[in-house]
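Structural characterization, general
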Amino acid sequence: MVIRAEGQRRRAALVELALSLSLLALGAFVLAVAGRMPATGGFSGVGPGAMPTLVGVGLVGVGLWLLGERLTGGWRQAEPEPTARGEHAFHGAGFAWVSAALAAQMLLINTAGFVIAAAALFVGVARGFGSRRPLRDALLGLAVALAIFVFFVHLLNVNLPAGWLKPVLGAAGI
């Protein structure tokens, strides 16, 4: 048993090292590609290279963090490896809620608008994962969807459908 445990620890150490280095390599690749894109753009001021650069910096940062943990004794608070895969039962009701929420989002986005469609998706997915507080989920979903809408429309200059909220959102969106 001691030999088997030592082999598992050695394997885990190699996997942690490989994942850390892979994140670093992926981050370096994203930064190299983003470096060839313009960082600033026309009237919006944010060019196509801004978000990939941010993602690349994040990947390199996480890769360095995980590599530092690996080199100082292993990843902290790592989840133990499950003994068997597929030990959880299929939850048909949860699957149905998430599927219905996705269908509702696709049906609502062009008429009701992005914010309402995304909030409906949020409520359905929360229900599928066991939430029994639809009002709280709807308010939280509206807040998150509105923040995403404002970020895309005002900061990234991407038009999203405003739908039924166009009188409230004004000229934002399409």
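1. Quick look at the pattern of salt bridges
Following the criterion strictly, the structure yields two salt bridges and no others. Its salt-bridge partner being E16, residue R70 comes within 2.6 Å of it at the nearest N-O pair. Linking R70 in helix α2 (residues 50-71) with E16 in helix α1 (residues 2-35), this pair joins segments that are 54 residues apart in sequence. For E16, a relative accessible area of 11% puts it in the buried group. Of the charged contacts in the structure, one is a salt bridge between D137 and R136, with a shortest N-O distance of 3.0 Å. For R136, a relative accessible area of 39% gives the class partly exposed.

2. Examining the side chain of S20
Position of S20 among the secondary structure elements: in helix α1. If we ignore the near neighbours within four places in the chain, the residues touching S20 are G63, L66, L67 and W75.

3. A short note on the packing of helix α3 (residues 92-108) against helix α4 (residues 114-128)
The description of two helices packed together rests on the angle between their axes and the distance between the axes. Here α3 crosses α4 at 175°, and the two axes come no closer than 7 Å. Comparing the axis directions of α3 and α4 gives the class roughly antiparallel. On α4, the residues that touch G94, W97, V98, A101, L102, Q105 and L108 of α3 are A117, A118, A120, L121, G124, V125, R127 and G128.

4. Some thoughts on α3
With 17 residues, α3 should reach 24 Å at 1.5 Å per residue; the first-to-last C-alpha distance of 24 Å fits that figure. The set of residues buried in α3 consists of G94, A101 and Q105. Along the long axis of α3, the arc covered by the buried residues comes to 35°, so they all point the same way. Exposed residues lying more than 90 degrees from the buried face of α3 are A93, F95, M106 and L107. Here the buried face of α3 lies against α4.

5. What about the environment of S131?
Assignment of secondary structure puts S131 in the loop between α4 and α5 (134-155). Side-chain polar atoms of S131 contact the backbone nitrogen of R133, separated by 3.3 Å. For S131, the side chain forms a polar contact with the side chain of R136, separated by 3.2 Å.

6. Examining the packing of aromatic side chains
According to the stated counting rule, one finds two aromatic pairs in the structure shown. Taking 5.7 Å as the distance between ring centres and 50° as the angle between the ring planes, the aromatic pair formed by F90 and F95 counts as tilted. Residue F90 is classed as exposed on the basis of its relative accessible area, which comes to 66%. F95 gets classed as exposed once you look at its relative accessible area, which sits at 53%. Arranged with centres 5.7 Å apart and planes meeting at 85°, the rings of F151 and F152 form a pair that is edge-to-face. The class of F151 is partly exposed, set by a relative accessible area of 32%. According to the relative accessible area criterion, F152 is partly exposed, its value standing at 32%.

Basis of the calculations
- Residues numbered from 1 in each chain as written.
- Predicted model: local features only at pLDDT ≥ 70, side-chain atom pairs only at ≥ 80, totals over all residues.
- Heavy atoms only, no water.
- Salt bridge = Lys/Arg side-chain N within 4 Å of Asp/Glu carboxyl O.
- Helix = DSSP H or I, 4+ residues; strand = E, 2+ residues; numbered from the N terminus.
- Buried < 20%, exposed > 50% of the residue type's maximum accessible area, 1.4 Å probe, protein only.
- Contact = heavy atoms within 4.5 Å.
- Axes fitted to C-alpha atoms, helices over the stretch in contact; angles between N-to-C directions.
- Parallel < 35°, antiparallel > 145°, perpendicular 65-115°, else oblique.
- Expected span 1.5 Å × (residues − 1).
- Arc of directions from axis to C-beta.
- Polar contact = N/O pair within 3.5 Å; in protein donor to acceptor, adjacent residues only side chain to side chain.
- Phe/Tyr/Trp six-rings, centres within 6.5 Å; stacked < 30°, edge-to-face > 60°.

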